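Structural features, examined
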Amino acid sequence: MADVLGVPVHVPVVTESSGLGAALCAGVGAGIYSGLGELPASLAARAATFEPDPAAAAAYQERYLAWRKIYSRMLAMSEEGLLNPLWRAAGS
């Protein structure tokens, strides 16, 4: 992910982040915490940090730019009825 996004990726110690986030929001709502910005540092502990490899990040960026061109052409062909869309939004 770090290579794809081109930014450091931090892996939290707590991997159930949805459950932790819900519990923290409940703690703010219950008055245990005054706000999400004032949570204990231990809740933000990191198990690991992955730095992007510059060469890999550049290669992903190059391929992403090519994908954007391909996608816009495929979208146009789909709108012209030359291709079936890969998906349609619900209700469309």
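The structure we're discussing is the one just above.
What you see as residue numbers is a count from 1 along each chain, following the sequence as written. For this predicted model, a pLDDT threshold of at least 70 governs which residues receive local features, and a threshold of 80 or more governs which side-chain atom pairs are given and counted, while totals over whole chains, interfaces and linings are taken from all residues. The basis for every side-chain value is the complete set of non-hydrogen atoms in the structure, without hydrogens or water.

Some details on the overall build of the protein
Looking only at helices and strands, the protein has three helices and two strands in total. Counting only C-alpha atoms and orienting by the principal axes, one finds that the protein spans roughly 60 × 40 × 20 Å. When accessible area is computed with a 1.4 Å probe and restricted to protein chains, residues below 20% of their type maximum are described as buried, those above 50% as exposed, and intermediate ones as partly exposed. Here the protein, with 92 residues, has 7% of them falling under the buried criterion. Only heavy atoms matter for contacts: two residues are in contact if any of them lie within 4.5 Å across the pair. For the protein, the proportion of contacts with a sequence separation of at least 24, taken over those separated by at least 6, is 63%. Working definition of accessibility: Shrake-Rupley area with a 1.4 Å probe, residue cover restricted to the visible protein chains. Here the protein has roughly 7400 Å² of accessible surface; of this, 61% comes from carbon and sulfur atoms. Strands here are runs of E lasting at least two residues and helices are runs of H or I lasting at least four, both read from the DSSP assignment and numbered beginning at the N terminus.

Looking at helix α3 (residues 54–79)
By definition here, a helix of n residues has an expected span of 1.5 Å times n minus one. Taking 1.5 Å as the rise per residue, α3 with 26 residues should run 38 Å; its terminal C-alpha atoms sit 37 Å apart, in good agreement. Among the residues of α3, the N-terminal cap falls to D53, whose side-chain oxygen and the backbone nitrogen of A55 are separated by 3.2 Å. Whenever a nitrogen or oxygen atom comes within 3.5 Å of another N or O atom, the pair is scored as a polar contact, on the condition that within protein one atom can donate a hydrogen and the other can accept it, and that pairs from neighbouring residues in sequence are kept only if both atoms are in side chains.

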